[in-house]
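Summary of the model geometry
Residue-level listing of the chains:
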Amino acid sequence: MPDYFVGTWEAIVSTDAIDYEYQIKLQPNGKCSVTVTTTCEVEGNEITQSASGTYTHSKDFFTLKVNFRKGTMKNLRKLAWNSVYTFNDDKSSFNILVPADNNSKTADSRITLVKVE
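What you see is a predicted model, and the numbers here were worked out from it, not measured in a lab.

Here's the deal with the environment of Val66
Among the structural elements, Val66 can be located in strand 5 (residues 61–67). Its relative accessible area of 2% is what places Val66 among the buried residues. Sequence-wise, Val66 and Ser52 are 14 residues apart; in three dimensions their C-alpha atoms are separated by 6.2 Å.

Structural data, given as structure tokens:
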């Protein structure tokens, strides 16, 4: 059975203050790399940070863990996503719930990850 998660996915997480654009590369061995891009509203410049991590999935749950040890975004030092997922019919996108500000479990947002590769 094919692993529909393997590939490159993109998503946007929006908060009241800022938008984060994610590119997530999931490998067949459970490893992943994540690049996050945002725009600093004060200075207007683009900020990007990248890190490696791990992911798992089961019949119902998708989990992604990444630590940005030398991250340049002060509000985004780690990702700890753990959510029920739902694929679309052709497996080119899936939905999960994530903490919108990555600091509060009460501020979950439903995002769609779209496969680009």
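Still more ground to cover, so stick around.
Description of the sheet that holds strand 4 (residues 46–57)
Read from one edge of the open sheet, 9 strands run 6-5-4-3-2-1-9-8-7, paired in antiparallel fashion. Of all the strands in the sheet, just strand 6 (78–84) and strand 7 (86–87) have a single pairing partner and so form its edges. Here 6 bridges tie strand 2 (residues 19–26) to strand 3 (residues 31–39), and the two strands are oriented antiparallel to one another. Bridge pairing links Glu21 to Thr37 in strand 3.

Some details on the nonpolar core
Formed by 28 residues in total, the largest nonpolar core has its most connected members in Tyr22, Val34 and Leu64. For this core, the elements supplying multiple residues, two or more each, are strand 1 (7–14), strand 2, strand 3, strand 4, strand 5, strand 6, strand 8 (93–99) and strand 9 (108–115). With 4 residues, the single largest contributor to this core is strand 2. Those residues within four positions of Leu64 in sequence are excluded, and the remaining contacts are Ile24, Leu26, Cys32, Val34, Thr54, Tyr55, Leu79, Ala80 and Trp81.

A closer look at the pairing of strand 1
Here strand 1 pairs with strand 2 via 8 bridges, running antiparallel. Considered in strand 2, the bridge of Ile12 is made with Glu21. A loop of 4 residues connects strand 1 with strand 2, the two strands running antiparallel in sequence. Judged from the 2 bridges that link them, strand 1 and strand 9 form a sheet pairing that is antiparallel. Looking across to strand 9, one finds that Glu10 is bridged to Val114.

So, the packing of aromatic side chains
Here the structure, examined in full by the defined rule, presents 13 aromatic pairs. Taking the centre distance of 4.9 Å and the plane angle of 50 degrees together, the rings of Phe5 and Phe87 count as tilted. Taken together, the residues Phe5 in the segment before strand 1 and Phe87 in strand 7 connect sequence positions 82 residues apart. Assessed through its relative accessible area of 2%, Phe5 is described here as buried. Over the ring of Tyr4 we find Lys91; its NZ or CZ atom is 5.4 Å from the centre of that ring.

Reading the values: the criteria
- Residues numbered from 1 in each chain as written.
- Predicted model: local features only at pLDDT ≥ 70, side-chain atom pairs only at ≥ 80, totals over all residues.
- Heavy atoms only, no water.
- Helix = DSSP H or I, 4+ residues; strand = E, 2+ residues; numbered from the N terminus.
- Buried < 20%, exposed > 50% of the residue type's maximum accessible area, 1.4 Å probe, protein only.
- Pairing = 2+ DSSP bridges.
- Core = buried A, V, L, I, M, F, W, Y, C linked by side-chain atoms within 4.5 Å.
- Contact = heavy atoms within 4.5 Å.
- Phe/Tyr/Trp six-rings, centres within 6.5 Å; stacked < 30°, edge-to-face > 60°.
- Lys NZ or Arg CZ within 6 Å of the ring centre and 35° of its normal.

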